[in-house]
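Coordinate analysis (summary)
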Amino acid sequence: KTSGKNEEDVITEIPVALPVQEDINPSYSCDYQERDITRLLVNYGNKEILFHDESNPHEIIEHRFSVAEYIIAEYEQDQEFLAFENKEYEKLLLHFIKEFKEQRTPSISDLVQQPDKDVANLAIDLSTTLYGLSPNWEEKNNINVPKEEDVLKESVLGALNALKIRKLRDHI
């Protein structure tokens, strides 16, 4: 029914233009995951993370690894699968591996003073945070927001697992 109007005046269908969804990278780029892993290396490479081995119910064994040691071990365990696509991040990762094999873990200041300006500039970029947490969260509102350093093990595991999941998606 048109309720007294001419059929030409009544719109029966509204044309809907759906937004075009652009695929950033159809090959499931791992850029964000690779950046996160190199960021963790730069900022926390010397920090320790603790794992508990509870396979023996009578004794819990603690294993301590530096962030760099753990990430490098995971990377080298399956280097072909976890190979970085972003050449800048790969260069920084390989620099860490080289230093680590020589019993050194570079600090942020070591990286910034590198003669290789690509490594130095990336280290500066990865060590700089754009945002800060207002002290009012804790002081006025009694809301304690954990710092990344407080949940470092979870951050490292999350970053590595995110890269592995992204790589798996690419292989499917």
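Everything discussed here concerns the structure shown above.
Presented here is an overview of the structure given in this document. Per chain, the residues get numbers from 1 upward, laid out in the order the sequence is written. Predicted model: local features are reported for residues with pLDDT of at least 70 only, side-chain atom pairs are reported and counted for 80 or more only, and whole-chain, interface and lining totals are derived from all residues. Note: side-chain values were computed over all heavy atoms of the structure, leaving out hydrogens and water.

Comments concerning the overall build of the protein chain
A count of helical and extended segments in the protein chain gives 8 helices and 2 strands. The secondary structure elements of the protein chain, listed N-terminal to C-terminal, are α-β-β-α-α-α-α-α-α-α. The classification of residues rests on relative accessible area computed with a 1.4 Å probe and restricted to protein chains. Under 20% of the type maximum is buried, over 50% is exposed, and intermediate values are partly exposed. Counting every position in the protein chain, which comprises 172 residues, the buried fraction comes to 28%. Two residues form a contact once any of their heavy atoms are found within 4.5 Å. Across the protein chain, the fraction of contacts at a sequence separation of at least 24, relative to all contacts at a separation of at least 6, is 64%. Note on areas: Shrake-Rupley with a 1.4 Å probe; residue coverage comes only from the protein chains shown. Accessible area of the protein chain: about 12,700 Å², with a carbon and sulfur share of 50%. Comment: elements are numbered from the N terminus, with helices defined as DSSP H or I runs of at least four residues and strands as E runs of at least two.

Let's talk about the packing of helix α2 (residues 67-77) against helix α4 (residues 87-101)
Interaxial distance between α2 and α4 falls to 11 Å at its minimum, and their mutual angle equals 110 degrees. By the angle between their directions, the pair α2 and α4 is classed as roughly perpendicular. Taking contact as the criterion, the partners of Ala68, Glu69, Ile72, Tyr75 and Glu76 in α2 are, on α4, Leu93, Phe96, Ile97, Phe100 and Lys101. Residue type decides the class: Asp, Glu, Lys and Arg count as charged, Ala, Val, Leu, Ile, Met, Phe, Trp, Tyr, Cys and Pro as nonpolar, and the leftover types, Gly among them, as polar. Its residues placed into classes, the contact of α2 with α4 shows 7 nonpolar, no polar and 3 charged. In this analysis an axis means a line fitted to C-alpha atoms, helices contributing only their contacting stretch, and an angle means the value between N-to-C directions, from 0 to 180 degrees. In what follows, roughly perpendicular refers to angles from 65 to 115 degrees, roughly parallel to angles under 35, roughly antiparallel to angles over 145, and oblique to any angle outside these ranges.

A short note on the side chain of threonine 38
Counting through the fold element by element, threonine 38 comes out in helix α1 (residues 31-44). Setting aside residues no more than four positions away along its own chain, threonine 38 makes contact with Phe84, Tyr89, Leu92 and Leu126.

Some words on the environment of alanine 68
Relative to the assigned elements, alanine 68 resides in helix α2. Along the sequence, alanine 68 and leucine 93 sit 25 residues apart, while their C-alpha atoms lie 9.5 Å from each other. In contact with alanine 68, not counting residues within four places along its chain, are Leu41, Gly45, Phe96 and Thr105.

Here we look at helix α8 (residues 152-171)
The end-to-end C-alpha distance of α8, which contains 20 residues, comes to 29 Å, matching closely the 28 Å that a straight helix rising 1.5 Å per residue would cover. Looking at α8, one finds that the buried residues are Leu152, Ser155, Val156, Ala159, Leu160, Leu163, Arg166 and Lys167. An end-on view of α8 places all buried positions within 125 degrees of arc, on one side of the element. On the buried face of α8, the contacting elements are α1, β1 (48-56), α2 and α3 (79-82). Here the expected span of a helix is defined as 1.5 Å times the quantity of residues minus one. The directions from the helix axis to the C-beta atoms form the arc being described.

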